[in-house]
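One letter stands for each residue in the lines below.
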Amino acid sequence: MTDPGGRGVIDLRSDTVTRPSPAMRQAIADAEVGDDVYGEDPTVTALENRVAALLGHEAGVFTPTGSMANQLGLRLLVRPGQEVVCDDDAHVVRAELGAAAALSGITTRTWKAPRGLLDLDDVQRIIRPDAGPYLVSTAAVAVEDTHNFGGGTIQPLETLKALRSLADENGLALHLDGARVWNAHVATGVALADIGSLFDTVSVCLSKGLGAPVGSVLVSSAARIAEARVWRKRLGAGMRQVGVLAAAGLYALDHNLERLADDHTNARLIADAIAAAAPGVVTPEHVETNIVPLDLTTHRLDARGLADAAAAQGVRVSALGPQFCRLVTHLDVDRAAAEEASGVLAGLLAS
Ligand SMILES: *Cc1c(COP(=O)(O)O)cnc(C)c1O
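Thresholds applied
Residues numbered from 1 in each chain as written. Predicted model: local features only at pLDDT ≥ 70, side-chain atom pairs only at ≥ 80, totals over all residues. Heavy atoms only, no water. Phe/Tyr/Trp six-rings, centres within 6.5 Å; stacked < 30°, edge-to-face > 60°. Lys NZ or Arg CZ within 6 Å of the ring centre and 35° of its normal. Domains from an automatic or database assignment. Contact = heavy atoms within 4.5 Å. Buried area = accessible area lost by both parts, 1.4 Å probe. Salt bridge = Lys/Arg side-chain N within 4 Å of Asp/Glu carboxyl O. Helix = DSSP H or I, 4+ residues; strand = E, 2+ residues; numbered from the N terminus. Pairing = 2+ DSSP bridges. Axes fitted to C-alpha atoms, helices over the stretch in contact; angles between N-to-C directions. Parallel < 35°, antiparallel > 145°, perpendicular 65-115°, else oblique. Nonpolar A, V, L, I, M, F, W, Y, C, P; charged D, E, K, R; others polar. Buried < 20%, exposed > 50% of the residue type's maximum accessible area, 1.4 Å probe, protein only. Core = buried A, V, L, I, M, F, W, Y, C linked by side-chain atoms within 4.5 Å.

A.B. asks: Can you help me understand the packing of aromatic side chains in this one?
C.D. replies: The relation between two aromatic rings is expressed through the spacing of the ring centres and the mutual angle of the planes. Tallied over the full model, the rule gives 0 aromatic pairs. Of note, R75 hangs over the ring of W231, and the distance from its end group to the ring centre comes to 3.4 Å. Positioned over the ring face of F149 is R94, at 4.5 Å from the centre of the ring.

A.B. asks: For this particular structure, what's the right way to read the domain arrangement of the protein chain?
C.D. replies: Interface extent is often summarised as the accessible area lost during association of the parts. You can read the domains of the protein chain as domain 1 (10-19 + 259-349) and domain 2 (31-255). Computed from C-alpha coordinates alone, the two centres of domain 1 and domain 2 are separated by 27 Å. Listed by partner, the interface residues are 17 residues for domain 1 and 19 residues for domain 2. Summing both partners gives a buried area of about 1,600 Å² for domain 1 against domain 2, and 53% of it is carried by carbon and sulfur. Taken together, the links from domain 1 to domain 2 amount to 2 salt bridges. For D15, the salt bridge is made with R180, and the minimal N-O distance between the two is 2.8 Å. Elements with a contribution of two residues or more to the side of domain 1 that touches domain 2: α12 (260-277), β9 (291-295) and β12 (324-328).

A.B. asks: Looking at this structure, I do not really get the sheet that holds strand β11 (residues 318-321). What am I missing?
C.D. replies: Backbone-to-backbone hydrogen bonds pair the strands of a sheet. The strands run either parallel or antiparallel. The sheet built from 3 strands is open, its strands ordered β9-β12-β11 with antiparallel pairing. Pairing within the sheet leaves two strands with one partner each, and these edge strands are β9 and β11. Along the sheet, successive strands turn relative to each other by an average axial angle of 30°, direction set aside. With 3 bridges joining them, β11 and β12 adopt antiparallel strand pairing.

A.B. asks: How should the packing of helix α8 (residues 181-188) against α12 be read in this particular structure?
C.D. replies: Two quantities define a packed helix pair, namely the angle between the helix axes and the distance between the axes. Between α8 and α12, the least distance of the axes is 9 Å, while the angle of their chain directions is 80°. Comparing their axes, α12 and α8 come out roughly perpendicular. On α12, the residues touching W182, N183, V186 and A187 of α8 are L260, A261 and H264. A breakdown of the residues in the contact of α8 with α12 according to their chemical character gives 5 nonpolar, 2 polar and no charged.

A.B. asks: In this structure, what is going on with the side chain of N148? I would like to understand it.
C.D. replies: Summarising the element assignment, N148 is placed in the loop between β5 (138-144) and α7 (157-170). We classify N148 as buried; its relative accessible area is 6%. Beyond its immediate sequence surroundings of up to four residues, N148 is in contact with H91, R180, I291 and R326.

A.B. asks: So what exactly am I meant to see when it comes to the nonpolar core here?
C.D. replies: Core analysis: the biggest nonpolar cluster contains 49 residues, and L47, V141, W182 and F199 have the highest contact counts within it. Broken down by element, the residue count for this core peaks at 6 residues, all from helix α11 (residues 243-255). Leave out the neighbours within four places in its chain, and V141 touches V84, V85, W111, V123, I127, L163, L172, A173, L174 and H175.

A.B. asks: Please explain the pattern of salt bridges as it appears in this structure.
C.D. replies: Where charged atoms from two side chains of opposite charge come close, those side chains can pair. Under the defined criterion, the tally for this structure stands at 19 salt bridges. A salt bridge links R229 to E48, with the nearest nitrogen and oxygen atoms 2.9 Å apart. Of this pair, R229 sits in helix α10 (residues 222-234) while E48 sits in helix α2 (residues 42-54); the two residues are 181 residues apart in sequence, bridging distant segments of the chain. Note that D122 and R125 form a salt bridge whose closest N and O atoms lie 2.9 Å from each other. Residue D122 and its partner R125 are located together in helix α6 (residues 120-126), separated by 3 residues, close to a single helical turn. Judged by relative accessible area, R125 falls into the exposed class, the value being 52%. One connected set of salt bridges, linked through shared partners, spans R164, D168, D200 and R224.

Next up, the structure:
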């Protein structure tokens, strides 16, 4: 990777690329641990209880990845041969490699959601609860907040409340893929519990914007989480002295939650610079959190072209489609780096 000027590569590919800080590593070193398969790791238990309480749920289970937390959640809500419905850019259907079908016998149907924004008409149109022996019965709806491929989009609380009513009227369960629900909370000021308690199961990631090296938590009722523990072990993720990782998650909640606001400011700064240089590539008002989606459909550069040219100037971005790039700000990109990256990207995109 080219590093012009020796300022270090600015990596905007994802908020997963952060490395644990010295203070987080100290928390890891100091963690009190035990065998978590015996339920004896106090740090894991503390993390699970803390995340459950934050999200307005009874219990939580620590998982190695967000994908596992999502898949445990779906399995709790949907029986084999039933379906979960969601938008067609949802992580659970695009980025988990068919896990719901491969592991749990769950089928999916999807709707298109511009920017990943939930529209209850789509849900209403697609659901088929109790379809009898004729059609696949819908058991659950999965929602992503914030929406990753949608560009960090926040689902309005009023829409989520209305979705809860719709689900109750139709006997459906709700799963929240809350990998970045932290960002929605910080950007809007809506309490995490006000979002989380609308759902039957919620997954959250500690390894995205919060900056922990590993880890997610699934929260739900105590009964469901007890069942999730059985499936976690069955899938091979019963972990032993894993308090060393849970300690990083607790540290992240203490120190890295409120600072997500800086990532949002930096994302907007980058979006503003790009929009000024290349109108139409990004709509800054749509950049609500830490993700900047770039639509290159009408630009002379395609996604690969932009990613390669930016990399040559020490800025890494993700080419997620032929004409779609994603930039993500995070705790290893400070304001100066965001300004530097803005200059490089605006320079490349200016026509
Ligand atoms: C990252 C992410 C996940 C979980 O990903 P893992 O890599 O399995 O931890 C789930 N949902 C969304 C929206 C994500 O961005």
